[in-house]
Amino acid sequence: MTKYRVLAGPEGYLPPAAACEGIRLPDVGWALIEGRHVPEQEALSAIVDKLLSAKRPFFFPGPNLLWEWKEGVAEKASALRKLADTAGARVIPMPDYRPKYPMINPAIEINPNHPNLTIWHNKIDVCVLAGVHCHYANVALKIIRGGTDCYTIAICGEAGHEDANITLRNAGIPQIEALTAMVAERRRLC
Amino acid sequence: MPEQKVVAPEFMFTEAAREEQFITGSEAVREAVRRANVDMAVSYPITPQSESMHLVGDIWAEGYIKDYYRGENEFAVMSAVAGAAMGGVRVFTATGGPGTMRALEMFPTWVGARLPIVCAFFTRGINSPLTIQPDTIEMAHLLDTGMIMLHAEDAQDLYDMILKAFIIAEQTEVHIPVGVFADGFFVTHTRDKVRVAPADIKLPPYKPYSAPVPVMDMENVPFRQMRDPFVMKSNYVSYAAHASWQQEVLAAAERARPFIRQYLGGLIEVENEQADVLVLAGGTAVCQSREAIAMAREEGIEAGLIKIKSLRPFPGEELRALTAKAKAVIVPEFNRVGWLSRELRNVVQNPDRVVAGPRVFGGMTMPPDLILSEIRRYARE
């Protein structure tokens with residue numbers, strides 16, 4: 001059993017890949033919170049907590065939501081937009097993975113190869129990656145954990161991300177709509 | 001194109017009725033590829049893999065593969081299959097010996113680009129003076145490319161591992177190349193009984209839109225990646241990106257472990273693990289070790305066998321636990337440098353217990369007597 005925990009950073013100069021520290025991806029119906037395997041419902045609640053307690057939550061939708069690769073993408077993107085709006089979060093899209101040298105404009109852009117620049121500039125304390133191809137998401141998540149104190153959430157349509165502080169797996173419209181409903185309900189009660 | 005029904009991998013691997021054929025290792029490659037729903041294969045001849053890719057060409061002519069051609073050389077072949085895989089199709093190729101070395105640059109490139117290519121390596125000598133004879137030294141050069149490395153003992157392993165390699169390689173969270181290694185000539189050019197699934201079934205097609213990287217169109221947005229080198233700048237941000245990228249590739253290999261256990265039954269196979277003397281081997285050295293262990297048993301000496309099936313990821317934890325009480329672990333190898341014994345020494349407690357040999361190379365066979373001598377020596381100590 002690994003003792004490694006995937007906590008918010010800054011973790012240091014070169015944080016390890018959580019998978020190489022013994023963190024395993026969750027099974028279907030499960031999720032990860034800081035490296036712990038939990039039922040998906042528990043992770044949904046934790047995501048709502050983080051979104052509603054954040055000062056500057058941001059969503060980073062990636063190409064799998066921004067480009068219509070396959071059926072259902074537009075509906076999923078709309079559902080995610082509704083979740084961001086309901087949570088009062090801002091959105092910075094990640095339409096492609098090309099670096100923009102010599103410098104991106106971190107106020108309006110994010111790139112998986114240097115996501116820390118955007119997070120530092122906008123003082124983002126909670127971010128949600130959704131629709132980012134898994135390889136690029138993991139590249140970005142380690143850099144964020146290494147250099148920033150931003151809390152990372154991955155809403156993943158595939159197998160999930162050990163390098164996120166919270167990850168869902170096989171997340172589709174039902175999970176996104178459940179989050180939206182939970183956020184709206186919590187806002188109504190407050 | 002011949003009629004083939006798509007079946008679930010689990011059905012293909014475990015439930016489908018199997019027919020026994022008496023075929024060479026090269027023919028086992030053909031039968032695996034016939035059932036693997038491969039889109040494209042590219043070949044370049046080098047002994048001892050020439051016949052395998054020749055036979056793959058035959059099934060392209062029969063309509064089992066959509067595209068097939070001969071590249072200019074091994075580097076060109078490995079580059080071509082990379083392009084095909086980036087474009088989102090399932091590809092297969094094979095090489096061996098000096099061909100492996102000529103193409104070496106491409107293997108870490110495949111891994112870094114997260115390409116689920118399956119390549120068979122039929123190993124032979126690589127040194128000067130030129131030899132085409134069996135030798136596993138090229139595997140030492142590939143241990144740190146990042147690819148998954150499976151080592152087949154015989155033609156049955158070769159058939160099974162090639163088919164299963166596609167399924168392991170194409171998992172979204174893995175999605176790195178798999179090298180399936182077999183000892184040239186000993187496996188490729190000898191006949192053996194191989195149990196194969198019916199030829200009228202095939203694996204499900206590759207799903208490129210579940211890949212962890214985008215299917216690439218080099219000329220259009222959003223993914224002109226290769227024309228915009230992404231981290232080739234001299235600054236900390238670029239170094240951090242490249243470091244994170246390399247870590248993610250290592251992580252991908254780690255994520256392969258459960259799938260190797262699921263489909264291959266484990267990274268290793270073990271017999272008589274309680275014995276004081278263990279023999280650890282891969283490839284055809286396993287066959288020779290089985291013979292030696294049987295001969296030892298006739299003399300009243302008990303020895304155990306660890307067959308290593310996956311070299312990358314390496315079964316470090318399994319080997320640490322299995323060898324904890326062993327008096328000696330004998331590692332017979334078909335190469336000069338003893339790379340497998342080095343790997344074992346790195347993970348076990350008290351590495352002085354690792355016996356780095358016997359070793360043969362340059363095409364020599366390994367008489368079981370050589371291994372038996374070591375078993376006798378350490379059993380009596």
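Residues numbered from 1 in each chain as written. Chains lettered and ligands numbered in written order. Predicted model: local features only at pLDDT ≥ 70, side-chain atom pairs only at ≥ 80, totals over all residues.

1. So, the overall build of chain B
Consideration 1: A tally of regular secondary structure across chain B gives 13 helices and 16 strands.
Consideration 2: For chain B, whose C-alpha radius of gyration is 21 Å, the value lies close to the compact-globule estimate of 21 Å for 381 residues.
Consideration 3: Looking at chain B as a whole, 52% of its 381 residues are labelled buried.
Consideration 4: A sequence separation of at least 24 residues applies to 82% of the contacts in chain B between residues at least 6 apart. (Helix = DSSP H or I, 4+ residues; strand = E, 2+ residues; numbered from the N terminus. Rg over C-alpha atoms; globule rule 2.2 N^0.38 Å. Buried ≥ 20, exposed ≤ 12 C-beta atoms within 10 Å, placed from the backbone. Contact = placed C-beta atoms within 7 Å.)

2. What to know about the interface of chain A and chain B
Consideration 1: Between chain A and chain B, the contact holds 27 residues from the first and 29 residues from the second.
Consideration 2: In terms of residues, the side of chain A that touches chain B owes the most to one element, helix α5 (residues 134-147) of chain A, which gives six residues.
Consideration 3: When the residues that make up the side of chain A that touches chain B are grouped by side-chain class, the tally is 17 nonpolar, five polar and five charged. (Nonpolar A, V, L, I, M, F, W, Y, C, P; charged D, E, K, R; others polar.)

3. Observations concerning the sheet that holds strand β3 (residues 40-43) of chain B
Residues and elements named next belong to chain B.
Consideration 1: Spatially, seven strands are ordered β4-β3-β5-β6-β8-β7-β14 in an open sheet, and the strand pairing comes out mixed. Looking along the sheet, the strands with just one partner apiece sit at the ends: β4 (67-70) and β14 (310-312). The average undirected angle you get between the axes of adjacent strands in this sheet is 20°.
Consideration 2: With four bridges joining them, strand β5 (residues 91-95) and strand β6 (residues 118-123) adopt parallel strand pairing. (Pairing = 2+ DSSP bridges. Axes fitted to C-alpha atoms, helices over the stretch in contact; angles between N-to-C directions.)

4. Concerning helix α8 (residues 155-169) of chain B
Consideration 1: For α8 of chain B, with 15 residues, the first-to-last C-alpha span of 21 Å sits near the 21 Å given by 1.5 Å per residue.
Consideration 2: Taking burial as the measure, the 15 residues of α8 of chain B include 14 buried ones, the bulk of the element. (Expected span 1.5 Å × (residues − 1).)

5. Remarks on the domain arrangement of chain B
Residue and element names in this part refer to chain B.
Consideration 1: Domains assigned within chain B are domain 1 (5-209) and domain 2 (268-380).
Consideration 2: Averaged C-alpha coordinates put domain 1 and domain 2 at centres separated by 27 Å.
Consideration 3: The element contributing the most residues to the side of domain 1 that touches domain 2 is strand β7 (residues 148-151), with four residues.
Consideration 4: A per-class count over the side of domain 1 that touches domain 2 returns 14 nonpolar, five polar and four charged. (Domains from an automatic or database assignment.)

6. Focus on the confidence of the model for chain B
Consideration 1: Mean pLDDT over chain B stands at 94; residues scoring 70 or higher make up 95%.
Consideration 2: As a predicted assembly, this complex carries a pTM of 0.96 together with an ipTM value of 0.95. (pLDDT = per-residue confidence, 0-100.)

7. Some details on unusual backbone geometry
Consideration 1: For the bond from Gly9 of chain A to Pro10 of chain A, the omega torsion is 0°, close enough to zero to count as cis.
Consideration 2: Summarising the element assignment, Pro10 of chain A is placed in the segment before β1 (30-33).
Consideration 3: One non-glycine residue, Asn272 of chain B, lies in the positive phi region at around 55°.
Consideration 4: With respect to the helices and strands, Asn272 of chain B occurs in the loop between β11 (268-271) and β12 (277-281).
Consideration 5: For Asn272 of chain B, a count of 15 C-beta atoms within 10 Å corresponds to the partly exposed category.

8. Thoughts on the sheet that holds strand β7 (residues 166-168) of chain A
Residues and elements named next belong to chain A.
Consideration 1: Spatially, the seven strands line up as an open sheet ordered β2-β1-β7-β6-β5-β3-β4, and their pairing is mixed. A single partner strand is all that each edge strand has here, and the edge strands are β2 (36-39) and β4 (90-91).
Consideration 2: Looking at chain direction, β1 and β2 are connected through four bridges and run antiparallel. Pairing of Ala31 across the sheet is with Val38, part of β2.

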